[in-house]
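# Structural overview for review
Okay, here's what each chain looks like letter by letter:
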Amino acid sequence: MTGERRSVFGGQVRIWGGVPLRNPVFTGRENLLLTLQRALEDRSKATVLPRALHGLGGVGKTQLAVEFAYRYADRYDIVWWIPAEQRSLVLQSLHQLGRHLDTPETEDLQQAASHVLAELATSPLRWLLIYDNANEPEEINRLMPTRGGHVILTSRNQTWSEVFDPIQVDIFDRSESVELVQKRSEAVSAEDADRLAARLGDLPLALDQAVSCQVATEMTVGEYLAELDWHVRELATPADSSRTTLVALVRLAIWRLREHAPAVAELLEMFAFLGPEPISGGLLRRGRQGDVSTALGRALREQIAWDRAVRDLRRYGLAKVDPDQRIQVHRLFQGVLRDELREEAARRGRTNVHHLLASANPGYPHDEDNWGIHAELGPHIHPAGLIDSDVPDARRVVLDQIRYLDLIGDLEGSRRLGDDAVDAWSKFEGVAGLGPNGELTLRAANYLAVALRHLGFNERARTTSEQVLGRFRVSPEFGPDHEFTLYAAAALAPHLRVAGLFREALALDEDTVARYRRVFGDEDEQTINARSNLAVNLRMLSDFAGAYAIDAEAVHAWQQVVSENDNRLLFAQANLARDLYGLGRYEEALGLLRAKLPPYRQQLGAQHPYVLLAGRTLAIALRKVGRYNEALAAAAEHDRDSERRYGPQHEHALAAAMTHANTIRVTGDLPEAQRRATKALDLYRVAFGDTHPLTLAAANNLAIVLRSLGDLEQARRLDERTFARMRDALGPDHGFTLCAATNFANDLALAGETEAARSLSAQTLELSRQARGDRHPYTAACVVNAGIDLIAVHRHDEGQALLDQGVAALAESLGDDHPETAGARDGRRAEADIEPPPT
């Protein structure tokens, strides 16, 4: 039963997934099963103590774990099997479990795994997780629950014994060997079973394969042993070596298959160069158009021939095949095949794998419909040696996998594969697509840079991306207007924005848009997307009017050709709402989001990055129009969802946390606002550094909270430093700088430095009028503060007139009953918080 099921037994929910089929002839191991059961029960209820089944290959560790799962299933509400050979497989399996547990849905597998582990740690359900072939303790240990249930792992790696107490799994006792042989073949006598067991050293895997082959070929045990001994002599190695025996077993089977079933022999040769994880017949048959050897190609193309080949592979004991026709050859047999296949057979097997996987690759890793196939291809990339393949399309499997892993959230997997590919491909000379300036090398490096940025290696990401773009531009094969060059330019701009180089990012995107227009035309989707990226830069530079003009054109363009709920139109409308907010047109932004966010969520899901960003804009707009309770609920939900989706240190999660803190502040819970804003600022400093504009924006917001709490000295120190750094980094008329200036003037006024406050408020008002316009609510706030400061320096009539003007402007833009309007009418100074647009 390899699939997943969810049913009810005795009122309890039963979740069962991934467990291999039960072995109908499972033999012996009673003491080990009892030892394992007692070891799992003998634990602290507060912590999980995984039990490691350790032993040499072929002794039946996995079979023991499978039998335990079935035998003790009624003691658990959840039994979940996790292939643990690679980290990405663990993440994918935990993601599937999360769907059964109703944890928050996210395509970021790392976050999905975190949700599942947290859920299991607190769940009242009784659960058992089995991590099969967990051979990298440092990788897997971080992906296990810390408390709440039972964990079994199987491994050949002795390092686990230093982490947990292992349970040693050894070869069979002779009586167990004889029992297994006779279960597999009733015609074999106890004496012959004993002879076979003695010859094979009581190794369970060898016994199972040998008796399968003996039955399939209808040889007697004596005939089988004679033929086995002949193959041993051919090897010219010590006959009592267990490896020699295994090699002879595999050679005997292949020799028989080549004579009677050449397609099966070629299929088996191919498994020498696949990974140890099961591979579906569906994936293999997807590659049937590849340039594979004749017999194998015929079997792949003809259903009856294929079914016969798979059946024979199973009959000879060389592979396990489940009801979904997923095929798995034991890693011990794979190792023997890799080492012992003769040169011609090895070359044929490796070439078949490369052509087949290349043909099966769907490409287009951005298309979620292809993710299932990319997931199945992934475990076979390194074992097959696709990075070093002579088949160009096989190397493209690697390229697509780098991007796919980043998209699903396995950032470390993407980085590792990207590093391996770039390092290997850069060293090639005279091979199309390879070498330091080859297409595949540069595209892989481009994907690598994206993964590095997502992992927080911002400097290396930007350097790598700059190198890629430079090489594409000067390449005689590509040049500055080639699609790959334009993709690289579009990829570099976010790296520049993350580095705080907003103007450099703007210049790059302006150049990119001009080239897209020239190459593709104004109405092409690529050009529209490039212009949307340009608008991102304009928002970062506080040019919301320029961004609005671009996004309004995009909305109009999509409205002419797609339906009202098309994702591309909804994306453009969400951007337009962001521009409206930046322009101070809060009610319009809110109205647009209220209309478009529900279908956006329905189309993409509540946890999609674009939907989350739109949700943040909604929370901000609600706060700005004075609907504080609604804003608080929306901000809290967005904060929670963003941290679940991205983790606490991602840029979007930090922005969500700061939006939440800003909303808590206006609802009056100042201590909680301080706690959250301080935490967000600390994380911004770690992620971006002290002088990055996003860090400075967070500092600006924290200072407002401190001032509201009466901590005037600390607020002033923070504001003074923030204002100076903002001015240096962004210039005096940037929106961030104007907010920082407004708040520093508030500090000066509260400190009694009334003339200094008046001077700074007057300067800020003039710059705000020029940069934001007279009708922007933040300009109105500047008018209010400037009026209050004039009154403070005894220019009462002039100040009162200005204050009245500011109150009227706030009433017009926000409403007469808005809290900020009421505050200004009562003579309270306006604060200027910052909600940075996403980079």
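Residues numbered from 1 in each chain as written. Predicted model: local features only at pLDDT ≥ 70, side-chain atom pairs only at ≥ 80, totals over all residues. Heavy atoms only, no water.

Further remarks concern the overall build of the protein chain. When its secondary structure is counted, the protein chain shows 40 helices and ten strands. With respect to the principal axes defined by its C-alpha atoms, the protein chain has extents near 115 × 65 × 45 Å. Burial statistics for the protein chain: of 839 residues in total, 58% are counted as buried. Across the protein chain, contacts joining residues at least 24 apart in sequence account for 65% of those joining residues at least 6 apart. For the protein chain, the accessible surface area stands at approximately 34400 Å², while carbon and sulfur atoms represent 48% of it. (Helix = DSSP H or I, 4+ residues; strand = E, 2+ residues; numbered from the N terminus. Buried < 20%, exposed > 50% of the residue type's maximum accessible area, 1.4 Å probe, protein only. Contact = heavy atoms within 4.5 Å. Areas by Shrake-Rupley, 256 points an atom, 1.4 Å probe, with all protein chains shown as cover.)

Turning our attention to the side chain of Gln 37. Looking at where Gln 37 falls in the secondary structure, it is placed in helix 1 (residues 30-41). When sequence neighbours within four positions are dropped, the list of residues in contact with Gln 37 reads Phe 68, Tyr 72 and Arg 75.

Attention now moves to the sheet that holds strand 10 (residues 326-328). As summarised here, the arrangement of the three strands in space is 8-10-9, forming an open sheet in which the pairing is antiparallel. This sheet does not close on itself; its edge strands, each paired only once, are strand 8 (279-280) and strand 9 (320-321). Sheet analysis places strand 8 next to strand 10, joined by two bridges and oriented antiparallel. Looking at the pairing, Ile 279 lines up with Ile 327 of strand 10. (Pairing = 2+ DSSP bridges.)

A separate point is helix 34 (residues 693-708). Here helix 34 spans 23 Å end to end across 16 residues, near enough to the 22 Å set by a 1.5 Å rise per residue. Of all 16 residues in helix 34, 15 are buried; the element is thus mostly enclosed. (Expected span 1.5 Å × (residues − 1).)

The next point concerns the packing of helix 21 (residues 411-426) against helix 22 (residues 439-455). Two numbers describe how helix 21 lies on helix 22: the axes approach to 9 Å, and their chain directions differ by 150°. If you check the angle between helix 21 and helix 22, you find them roughly antiparallel. Every pair of crossing elements has a handedness; the one defined by helix 21 and helix 22 is left-handed. Side by side, helix 21 and helix 22 meet where Leu 411, Glu 412, Ser 414, Arg 415, Gly 418, Asp 419, Val 422, Trp 425 and Ser 426 of the first sit next to Leu 440, Thr 441, Ala 444, Ala 445, Leu 448, Ala 451, Leu 452, His 454 and Leu 455 of the second. Looking at the contact of helix 21 with helix 22 residue by residue, the class counts come to ten nonpolar, five polar and three charged. (Axes fitted to C-alpha atoms, helices over the stretch in contact; angles between N-to-C directions. Parallel < 35°, antiparallel > 145°, perpendicular 65-115°, else oblique. Left-handed = near helix turned anticlockwise from the far one by under 90°. Nonpolar A, V, L, I, M, F, W, Y, C, P; charged D, E, K, R; others polar.)

Let's shift gears to the nonpolar core. Buried together is how nonpolar side chains tend to be arranged in soluble globular proteins. Residues Tyr 131 and Leu 284 are the most contacted members of the largest nonpolar core, which totals 166 residues. Counting residues per element, this core draws most heavily on helix 11 (residues 242-260), which supplies nine residues. Apart from the residues lying within four places of it in its own chain, the contact partners of Leu 284 are Leu 267, Met 270, Phe 271, Ile 279, Leu 300, Trp 306, Ile 327 and Leu 356. By size, the runner-up hydrophobic cluster in this structure holds 89 residues, among which are Leu 506, Ala 572, Leu 580 and Ala 832. (Core = buried A, V, L, I, M, F, W, Y, C linked by side-chain atoms within 4.5 Å.)

Turning to the side chain of Arg 515, a few remarks are in order. Relative to the elements of secondary structure, Arg 515 occurs in helix 25 (residues 502-520). Look past the residues within four positions of Arg 515 in its chain and what remains in contact with it is Pro 480, Asp 481 and Leu 486.

The next subject is the packing of aromatic side chains. Throughout the structure, instances matching the rule amount to twelve aromatic pairs. For the ring pair Phe 484 and Tyr 487, a centre distance of 6.4 Å and an interplane angle of 55° mean the geometry is tilted. Of the two residues, Phe 484 and Tyr 487 both sit in helix 24 (residues 483-498), three residues apart, roughly one turn of that helix. The class of Phe 484 is buried, set by a relative accessible area of 17%. On the basis of relative accessible area, Tyr 487 is assigned to the partly exposed category, the value being 33%. An aromatic cluster of three or more residues is present, and its members are Phe 472, Phe 478, Phe 484 and Tyr 487. The ring of Tyr 548 carries Arg 585 above its face, with NZ or CZ at 5.1 Å from the centroid. Over the ring of Phe 723 we find Arg 727, and its NZ or CZ is 4.5 Å from the ring centre. (Phe/Tyr/Trp six-rings, centres within 6.5 Å; stacked < 30°, edge-to-face > 60°. Lys NZ or Arg CZ within 6 Å of the ring centre and 35° of its normal.)

Scored by pLDDT, the protein chain has a mean of 89; 96% of the residues are at 70 or more. This model gives residues 7-11 a pLDDT under 50, and the stretch forms four contacts once residues within four places in sequence are excluded. (pLDDT = per-residue confidence, 0-100.)

Mapped onto the fold, Arg 298 is located in helix 14 (residues 294-301). When its relative accessible area of 43% is taken as the criterion, Arg 298 is described as partly exposed. Distance in space between the C-alpha atoms of Arg 298 and Val 25 is 34 Å, their sequence separation being 273 residues.

What follows covers the pattern of salt bridges. Tallied over the entire structure, the rule returns 64 salt bridges. Between Arg 515 and Asp 481 there is a salt bridge, and its shortest N-O distance comes to 2.7 Å. Here the residue Arg 515 occupies a position in helix 25, and Asp 481 occupies one in the loop between helix 23 (458-474) and helix 24, the gap between them amounting to 34 residues. Given a relative accessible area of 18%, Arg 515 falls into the buried group. Here Glu 525 makes a salt bridge to Arg 568, at a shortest N to O gap of 3.4 Å. Of the two residues, Glu 525 is situated in helix 26 (residues 525-540) and Arg 568 in helix 28 (residues 567-582); the sequence distance between them amounts to 43 residues. Judged by relative accessible area, which is 34%, Arg 568 ranks as partly exposed. When salt bridges with common partners are traced through the structure, they connect Arg 616, Arg 623, Lys 624, Arg 665, Asp 833 and Glu 835 into a single cluster. (Salt bridge = Lys/Arg side-chain N within 4 Å of Asp/Glu carboxyl O.)

Residue position: Tyr 404 is located in helix 20 (residues 392-407). For Tyr 404, a relative accessible area of 3% corresponds to the buried category. On a C-alpha basis, the gap between Tyr 404 and Leu 56 in space is 34 Å, while along the polypeptide they are 348 residues apart. For Tyr 404, the contacting residues outside a window of four places in its chain are Gln 92, Pro 365, Trp 371, His 374 and Ala 375.

Okay, the packing of helix 24 against helix 26 next. Look at helix 24 against helix 26: their axes get within 11 Å of each other, and the N-to-C directions meet at 15°. Classified by the angle between their axes, helix 24 and helix 26 sit roughly parallel to one another. Judged by the twist between their axes, the crossing of helix 24 over helix 26 is left-handed. On helix 26, the residues that touch Tyr 487, Ala 490 and Arg 497 of helix 24 are Gln 526, Asn 533, Val 536, Asn 537 and Met 540. Across the contact of helix 24 with helix 26, the residue classes tally to four nonpolar, three polar and one charged.

One pass over the full model with this rule turns up zero disulfides. Between Cys 739, a free cysteine, and Cys 782, which holds the nearest cysteine sulfur, the sulfur-to-sulfur gap is 8.0 Å. (Disulfide = S-S within 2.5 Å.)

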